[in-house]
Amino acid sequence: MKRKVAFITGVTGQDGSLLAKFLLKKNYIVHGLKRRASSFNTGRIDSIYEEHQLKNKKLFLHYGDLTDSLSIYDLLNKIKPDEVYNLGAQSHVAISFINPEYTTNVDGIGNLRLLDAITKLKLKKKIKFFQASTSEMYGNQKKILNENSKFEPVSPYASAKLLAYWNTKIYREAYGIFASNGIMFNHESPVRGENFISKKTTKAVAEISLGLREVLYVGNLNSYRDWGYAGDYVEAMWKIMQYKKSDDFVIATNKTHSVRKFIELAFKRVGITINWKGQGIKEIGYNKETNKIHVRIDEIYFRPNEVEYLKGDYTKIKNSIGWSPRINFSMLVNMMVDEDIKNLKKSTIQFKSDK
Ligand code: NAP
Ligand code: GDD
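Model, not experiment: these values are computed from the prediction.

Engineer: I'd like to hear about the site of ligand 2, residue by residue, with values.
Structural biologist: Neighbouring ligand 2 are 24 residues, the closest being Thr 134, Tyr 157, Asn 186, Arg 303 and Glu 306. In the model, a nitrogen atom of ligand 2 is placed 2.9 Å from a nitrogen or oxygen of the Asn 195 main chain. At a separation of 2.5 Å, an oxygen atom of ligand 2 approaches a polar side-chain atom of Glu 306. When the free accessible area of ligand 2 is taken as 710 Å², the share hidden by the protein chains comes to 96%. Of the residues that constitute the shell around ligand 2, the class distribution is 9 nonpolar, 9 polar and 6 charged.

Engineer: Tell me what's going on with the environment of Pro 81, and back it up with residues and numbers.
Structural biologist: Residue placement: Pro 81 occurs in the loop between α3 (69–79) and β4 (83–86). Separated by 44 residues in sequence, Pro 81 and Ala 37 place their C-alpha atoms 25 Å apart. When sequence neighbours within four positions are dropped, the list of residues in contact with Pro 81 reads Val 5, Ala 6, Phe 7, Leu 76, Lys 126 and Ile 127.

Engineer: Please set out the site of ligand 1 residue by residue, giving values where relevant.
Structural biologist: Around ligand 1 there are 26 residues in total, and Thr 12, Asp 65, Ser 91, Tyr 157 and Lys 161 lie nearest to it. Contact distances for ligand 1 include 2.6 Å between an oxygen atom and a side-chain N or O atom of Thr 12. A distance of 2.8 Å separates an oxygen atom of ligand 1 from a polar side-chain atom of Lys 161. The protein chains hide 90% of the 900 Å² of surface that ligand 1 would expose on its own. Residue assignment for the shell around ligand 1 shows that the elements contributing at least two residues are α1 (14–25), α5 (100–120), β5 (128–134) and α6 (156–175). Looking at which element gives the most residues to the shell around ligand 1, the answer is β5, with 3 residues.

Engineer: Can you break down the packing of aromatic side chains residue by residue, with the values?
Structural biologist: Counting across every chain of the model gives 14 aromatic pairs. An aromatic cluster is present here, built from Tyr 138, Phe 151, Tyr 165, Trp 166 and Phe 185 joined pairwise through their rings. Directly above the ring of Phe 249 sits Lys 316, whose terminal nitrogen or CZ lies 5.1 Å from the centroid.

Engineer: Talk me through helix α8 (residues 230–242); I want residue IDs and the actual numbers.
Structural biologist: Spanning 13 residues, α8 covers 19 Å between terminal C-alpha atoms, matching the ideal 18 Å at 1.5 Å per step. Here α8 lies mainly inside the structure; 10 of its 13 residues are buried. By the burial criterion, the buried members of α8 are Ala 230, Asp 232, Tyr 233, Val 234, Glu 235, Ala 236, Met 237, Trp 238, Ile 240 and Met 241.

Engineer: Quick one: what's the story with helix α7 (residues 197–209), residue by residue and with numbers?
Structural biologist: With 13 residues, α7 ought to run about 18 Å at 1.5 Å a step, and its terminal C-alpha atoms sit 18 Å apart, in line with that. Of all 13 residues in α7, 10 are buried, a share of seventy percent or more. Those residues of α7 that sit buried are Ser 198, Lys 199, Lys 200, Thr 201, Thr 202, Ala 204, Val 205, Ala 206, Glu 207 and Ile 208. Taken from the residues just after α7, Gly 211 is the one with a positive phi, measuring 75°.

Engineer: Residue-level account of the sheet that holds strand β3 (residues 59–63), with values.
Structural biologist: Judged by pairing direction, the sheet is parallel, and its 7 strands sit side by side in the order β3-β2-β1-β4-β5-β6-β11 without closing on themselves. Since the sheet does not close on itself, it has two edges, and those belong to β3 and β11 (248–251), each with one partner. Sheet twist, expressed as the mean angle between neighbouring strand axes with direction ignored, is 20°. Across 5 bridges, the pairing between strand β2 (residues 29–34) and β3 is parallel. Considered in β3, the bridge of His 31 is made with Phe 60. Along the sheet, α5 makes contact with β1 (5–9), β4, β5 and β6 (178–184), crossing β5 at roughly 165°.

Engineer: Which residues make up the sheet that holds strand β15 (residues 293–297), and what are the values?
Structural biologist: Ordered in space as β8-β15-β14-β13, the 4 strands form an open sheet in which the pairing is mixed. Of all strands in the sheet, those bounded by a partner on one side alone are β8 (216–218) and β13 (274–277). Across the sheet, the mean angle separating the axes of adjacent strands is 20° when strand polarity is ignored. One ladder, built from 3 bridges, connects strand β14 (residues 284–287) with β15; its direction is antiparallel. Within β15, the position partnered with Ile 284 by the bridge is Arg 296.

Engineer: Talk me through a nonpolar patch on the surface; I want residue IDs and the actual numbers.
Structural biologist: A cluster of nonpolar side chains, contributed by Tyr 217, Ile 300 and Tyr 301, occupies part of the molecular surface with about 320 Å² of accessible area. Residue Tyr 217 is classed as partly exposed on the basis of its relative accessible area of 38%.

Engineer: With reference to specific residues and values, describe the environment of Thr 134.
Structural biologist: Position of Thr 134 among the secondary structure elements: in strand β5. Sequence separation of Thr 134 and Trp 276 is 142 residues, and the distance between their C-alpha atoms is 32 Å. Engagement of the side chain of Thr 134 in a polar contact is seen with the backbone nitrogen of Glu 136, the distance being 2.9 Å.

Engineer: Describe the nonpolar core, with residues and values.
Structural biologist: Judged by nonpolar contacts, the single largest core of 36 residues is most densely connected at Ile 8, Leu 19, Leu 23, Tyr 85, Phe 130 and Ile 317. At the level of secondary structure, the elements contributing two or more residues to this core comprise β1, α1, β3, β5, β6, α8 and β11. Here the element with the most residues in this core is α8; it accounts for 8 residues. Counting residues in each nonpolar core, the second largest holds 27 residues, with Val 218, Leu 221, Trp 227 and Ile 297 among its members.

The rules behind the values
- Residues numbered from 1 in each chain as written.
- Chains lettered and ligands numbered in written order.
- Predicted model: local features only at pLDDT ≥ 70, side-chain atom pairs only at ≥ 80, totals over all residues.
- Heavy atoms only, no water.
- Near = heavy atom within 4 Å.
- Polar contact = N/O pair within 3.5 Å; in protein donor to acceptor, adjacent residues only side chain to side chain.
- Areas by Shrake-Rupley, 256 points an atom, 1.4 Å probe, with all protein chains shown as cover.
- Nonpolar A, V, L, I, M, F, W, Y, C, P; charged D, E, K, R; others polar.
- Helix = DSSP H or I, 4+ residues; strand = E, 2+ residues; numbered from the N terminus.
- Contact = heavy atoms within 4.5 Å.
- Phe/Tyr/Trp six-rings, centres within 6.5 Å; stacked < 30°, edge-to-face > 60°.
- Lys NZ or Arg CZ within 6 Å of the ring centre and 35° of its normal.
- Expected span 1.5 Å × (residues − 1).
- Buried < 20%, exposed > 50% of the residue type's maximum accessible area, 1.4 Å probe, protein only.
- Pairing = 2+ DSSP bridges.
- Axes fitted to C-alpha atoms, helices over the stretch in contact; angles between N-to-C directions.
- Patch = residues over 30% accessible without salt bridge, like charges linked within 9 Å, V, L, I, M, F, W, Y side chains within 5 Å.
- Salt bridge = Lys/Arg side-chain N within 4 Å of Asp/Glu carboxyl O.
- Core = buried A, V, L, I, M, F, W, Y, C linked by side-chain atoms within 4.5 Å.

Here you go:
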């Protein structure tokens, strides 16, 4: 049987790297878009580079950028993939307030560059398209969200993603492209970027437990997120692409937890009970047994606008496609803490043997 060919933007990111591994296991040929950087940015896929890129010739990385129409057009023309997963993005909400124009260009217009190239190259019958849409598009509604909920973005990131969401629908309806949105709620893994609250917390907890630091500085402790496992979410992306028709689907767990709870659970994994004292920016989290302060608030992590509460209803994808999350919240937190401790121990041993 002919092997399917996938093209992944954002292949060097959390989801892109997990999706590349998932598709290679399914015998796909995988092409990925990577940005030129002054230092290596392929750390998350280095483990599959030798086997699949060098030996089996199943993984190909191409320089390009979502802000560069020429490279997008050229690559789609050369690769002519069966499936395009648009996962590339400036994906940090707080940073989108600092770089709003760039974020809109990459996250909003980047999607349009891909969709338009697919139509202009007359590949609309061949290519299926997946857009990594986000629960941030809903903004602050404080209720359970599904595909019929209204969108009220409150950050440049969310409005850029909403542009991409709409163009995905518009190109589907106007040109008949198989183009689907996965409206994904927060999802994490051991390879999550280190400036998202999950990874920032689990890495700090691992360091504190090994005596390498004492304090974690954070912003808003009281927002709620619907946190799932990224490995489950890349499976959902693939299933959406295999479904009989293109459509829009919420990918979520239908559970929500506060940032505070995430931090408490991560410390619990290393045997530390965190108690809280004080209010606002003076609030501290301290070790119930030793009284040592391990969590402090730093205003720099507050956002100009905050989404306070996210919880997604995944009934549609469950009933139509048969996807449900496998990893729950506490399994996710424990997995991330354990992996960070393992990696830290490895690098400490490595450092000692290098000396
Ligand atoms: P991530 O780890 O930040 O990865 C983003 C990827 O996009 C990286 O490979 C990055 O390259 C690449 N990228 C950034 N700017 C680019 C540009 N100008 N041109 C080409 N590539 C560019 O994000 P993620 O967590 O894997 O998320 C994947 C996608 O899902 C993103 O679109 C995100 O917005 C969306 N999403 C994520 C979540 C979540 O909770 N993770 C939820 C909803 C939606 P470098 O490695 O060079 O930086
Ligand atoms: N990053 C960060 N750093 N967030 C903090 C901190 C901190 O020190 N302290 C508190 N928070 C709070 C944020 O204010 C937010 O309410 C919550 O923790 C989660 O923040 P992030 O982990 O940065 O994720 P996000 O929810 O803003 O965005 C992620 O999920 C979206 C889907 O809902 C990203 O992956 C987006 O790309 C994605 O679209």
